[in-house]
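# Survey of secondary and tertiary structure
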Amino acid sequence: QQPVQSPQAVILREGEDAVINCSSSKALYSVHWYRQKHGEAPVFLMILLKGGEQKGHEKISASFNEKKQQSSLYLTASQLSYSGTYFCGTEYGGQNFVFGPGTRLSVLP
Amino acid sequence: NAGVMQNPRHLVRRRGQEARLRCSPMKGHSHVYWYRQLPEEGLKFMVYLQKENIIDESGMPKERFSAEFPKEGPSILRIQQVVRGDSAAYFCASSRYQETQYFGPGTRLLVL
């Protein structure tokens, strides 16, 4: 079952913040976040394994609310290089790995 | 430390021909995943393999598609009798265990 991502697309100006959500109808074992630039391969950002976990990578961080079966990716003070499509990947019981449909982020100067 | 390698990067085939896509995982990685991505769409899981074993092929079409990951050599995704609808980017990813997946650059398949 594919997780749901919201919003589908977002346009920001440099320096603005954004939140991308990923939710599932089933209990999640873990959540992975990836970013893909046009014409390139997805690049791993971070993985969250435990409910309530939060992680950060420069100005990009994420949280994992296990009870709500949801993860959120936070991009603060966005840079032009943040543009791309963000995918969450969800694991159910350790085997079936499913990517969300993606959220397209455009950062404008 | 080389990353995941895929070849060829671009492949053109005529309808009815066979396509063979190769993936060499990162050193030390024994788990390989294949995904298909249509233009402007997300990643669709196809198959998950470990050395000599298919663990999950729930995303593989029932006909014409097959995958293997032999004891020696790269993982191969094989598409027989290709049709125009097979045109897509095919990504391979590898992991050490069932955790972070590192993606290769992809193979862009074009069926004429």
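Before going further, it helps to spend a moment on the overall build of chain A. In terms of regular secondary structure, chain A is built from zero helices and eleven strands. Counted from the first residue to the last, chain A has its helices and strands arranged as β-β-β-β-β-β-β-β-β-β-β. The globule rule puts the C-alpha radius of gyration for 109 residues at 13 Å, and the 13 Å found for chain A is close to it. Once the C-alpha set of chain A is aligned to its principal axes, its extents read approximately 40 × 25 × 20 Å. A burial count over chain A gives 46% of its 109 residues as buried.

Turning our attention to the layout of surface pockets. Taken as a whole, the largest pocket holds about 640 Å³ of empty space. Contributing to the lining of the largest pocket are 27 residues, with His38 and Arg104 of chain A together with Gln37, Glu40 and Glu41 of chain B lying nearest its centre. Contributions of two or more residues to the lining of the largest pocket are made by strand 9 (84-92) and strand 11 (103-108) of chain A together with strand 9 (88-95) of chain B. Looking at the lining of the largest pocket, its residues break down into eight nonpolar, 13 polar and six charged.

Residue and element names in this part refer to chain B. Overall, the coordinates contain three salt bridges over all chains when judged by the stated rule. Across the pair Glu18 and Arg20 runs a salt bridge, and its minimum N-O distance is 3.0 Å. Note on Glu18: relative accessible area 28%, which makes it partly exposed. Among the ionic pairs, Arg64 bridges to Asp86, the shortest N-O distance being 2.7 Å. Note that Arg64 is positioned in the loop between strand 6 (53-56) and strand 7 (65-68) and Asp86 in the loop between strand 8 (75-79) and strand 9, a separation of 22 residues in sequence.

It is worth spelling out the packing of aromatic side chains at this point. This structure, assessed with the given rule, holds eleven aromatic pairs over all chains. Taking the centre distance of 5.7 Å and the plane angle of 70° together, the rings of Tyr34 of chain A and Phe44 of chain A count as edge-to-face. With Tyr34 of chain A in strand 4 (residues 30-36) and Phe44 of chain A in strand 5 (residues 43-48), this pair connects stretches of sequence that are ten residues apart. With a relative accessible area of 0%, Tyr34 of chain A lands in the buried category. Overall, Phe44 of chain A belongs to the partly exposed group, its relative accessible area being 22%. An aromatic cluster is present here, built from Tyr34, Phe44, Phe87 and Phe99 of chain A together with Tyr35, Phe45, Phe91, Tyr102 and Phe103 of chain B joined pairwise through their rings.

Per the stated rule, a full pass over the model turns up two disulfides over all chains. Each sulfur in the disulfide pair Cys22 of chain A and Cys88 of chain A lies 2.0 Å from the other. Disulfide Cys22 of chain A-Cys88 of chain A: the torsion about the S-S bond is 70°, which places it as right-handed. With Cys22 of chain A in strand 3 (residues 18-23) and Cys88 of chain A in strand 9, this residue pair connects regions lying 66 residues apart in the sequence. Accessibility assignment for this pair places Cys22 of chain A and Cys88 of chain A in one class, buried. Residue pairing for Cys23 of chain B: its cysteine sulfur links by disulfide to Cys92 of chain B, the two sulfurs lying 1.7 Å apart. Of this pair, Cys23 of chain B sits in strand 3 (residues 19-24) while Cys92 of chain B sits in strand 9, placing them 69 residues apart in sequence.

Reading guide: rules and limits
Residues numbered from 1 in each chain as written. Chains lettered and ligands numbered in written order. Predicted model: local features only at pLDDT ≥ 70, side-chain atom pairs only at ≥ 80, totals over all residues. Heavy atoms only, no water. Helix = DSSP H or I, 4+ residues; strand = E, 2+ residues; numbered from the N terminus. Rg over C-alpha atoms; globule rule 2.2 N^0.38 Å. Buried < 20%, exposed > 50% of the residue type's maximum accessible area, 1.4 Å probe, protein only. 1 Å grid on protein atoms, 1.4 Å probe; cavity = no way out; pocket = protein on both sides within 12 Å on 5 of 7 lines; lining within 4 Å. Points joined across faces, edges and corners; volume = space filled by probe spheres on them. Nonpolar A, V, L, I, M, F, W, Y, C, P; charged D, E, K, R; others polar. Salt bridge = Lys/Arg side-chain N within 4 Å of Asp/Glu carboxyl O. Phe/Tyr/Trp six-rings, centres within 6.5 Å; stacked < 30°, edge-to-face > 60°. Disulfide = S-S within 2.5 Å.

Take it as geometry only, folks, not as evidence of what the structure does.
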